[in-house]
Amino acid sequence: MTLRRAWALLGGGGMAAVGVLLFLVIGTYSASGSLAQAQAQGSVQLAPGTVPSAYTSLIQKWGTLCPELTPPLLAAQMYQESGFNPAAVSPVGAQGMAQFMPATWAIYGMDPTHTHTPDVWNPADAIPSAASYDCQLAKDTKSVPGNHTANMLAAYNAGPYAVISAGGVPSFSETRNYVSSITKLAQSFTGATTITFSAQAAGAIYYAQSKLGTPYLWGGEGLASQGYRFDCSGLAQAAYASVGITLPRVAADQWYAGPHPTRSQLQPGDLVFFSHDPHDPAQIHHVGIYIGGGIMINAPHTGAVIRYDSIDSEGDYFGATRVTAGGASALPTLQPGGGIANGAAPATS
């Protein structure tokens, strides 16, 4: 995000930053041998359906590049940076899925096939470059006290000099939020065998049940001006707002608000999602609130009312999310053109 990008352009502080930059250039990460070593050690797996299928193998492969990085963490970072949008451009000029500033890309952009000039707009280049840059930053900050993964993420955001100088994650609010958000968001991308029950689920169900029989309204958020009506994601948003959890407005974004139970692990309160493409979370078009026994509370379509339906009634069940307060709070606000709408202004020194 912005502090890291401004550091790349402005140096992060005088001649000391120049020395760090030279150190980074000289110590550019050797991807081939380290990648083979990491893959041999195995890796944490991505949860099915959390990454668009075109990028899944890239993130699973390059997310094992160094011990501080995992595929879910790399996925969370790409989602936090751009929402997996390879054409994203931020207000300060960061480019592509990994949101590299041009000056940083000139140093760290890589083509792992060695067949063309590295292209910041090409995910097959941007994802490996982001992983390589992450792991180089992990090496640059390895002697810094604290959590090595947190220090790596902080360096991606604010530059390694800031992490080294602070003796850990610096006190910049943007950097601390960046580290916290990606760490929490990574849980949504992690394939897990057990998932903790949601303490807020009962309250969310109680709210949704109180709306049974309410006519559906496309775009409805339950506002007085809308006759207190809802669409599917508006109902999910309001149900969890009633227990103090803020969800995004759109169903495809709500998908990332927590870990993903399998169908056999479903519990009351889980959000259940439906997609036009069984492999692409960007194609999610509908969400319901699971209550058990294969049944959900559903705001189905124009002309219908909020009602109980089978989770098979839509015909294209995609998966489920167990909403957590941490997962919801970690979600980025994405701009229409990519980038993060709720990021801080770029640093000037």
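Since the model is a prediction, treat every value here as computed from it, not as a measurement.

Visitor: Please explain the packing of aromatic side chains as it appears in this structure.
Guide: Ring pairs (aromatic) are described by centroid distance and by the angle formed between their planes. Considering all chains together, one arrives at 14 aromatic pairs under this definition. The interplanar angle of 45° and the centroid separation of 5.7 Å between the aromatic rings of Tyr79 and Phe84 together place this pair among those described as tilted. Judged by relative accessible area, Tyr79 falls into the buried class, the value being 4%. Note on Phe84 and Phe189: the rings are 6.0 Å apart at their centroids and 80° apart in plane angle, and the pair reads as edge-to-face. Separated by 105 residues along the polypeptide, Phe84 in the loop between helix 5 (71–82) and helix 6 (102–108) and Phe189 in the loop between helix 10 (173–185) and helix 11 (201–209) bring together distant segments of the chain. For the pair shown, Phe84 and Phe189 are each scored as buried. An aromatic cluster is defined as three or more aromatic residues linked by ring pairs; in this entry it consists of Phe100, Trp105, Tyr108, Tyr133 and Tyr156. Lying over the aromatic face of Tyr317, Arg263 brings its terminal NZ or CZ to 5.2 Å of the ring centre.

Visitor: Is there a simple way to explain the confidence of the model for the protein chain in this structure?
Guide: Predicted coordinates in areas of low pLDDT are best not read in detail. Confidence in the prediction for the protein chain averages 85 pLDDT; 83% of positions are at 70 or higher. Counting contacts from residues 1–42, a segment whose pLDDT is below 50, to residues more than four positions away or on other chains yields 90 contacts. Confidence drops under a pLDDT of 50 for residues 341–349, and excluding neighbours within four residues, the segment shows 17 contacts in the predicted structure.

About the cut-offs
Residues numbered from 1 in each chain as written. Predicted model: local features only at pLDDT ≥ 70, side-chain atom pairs only at ≥ 80, totals over all residues. Heavy atoms only, no water. Phe/Tyr/Trp six-rings, centres within 6.5 Å; stacked < 30°, edge-to-face > 60°. Buried < 20%, exposed > 50% of the residue type's maximum accessible area, 1.4 Å probe, protein only. Helix = DSSP H or I, 4+ residues; strand = E, 2+ residues; numbered from the N terminus. Lys NZ or Arg CZ within 6 Å of the ring centre and 35° of its normal. pLDDT = per-residue confidence, 0-100. Contact = heavy atoms within 4.5 Å.

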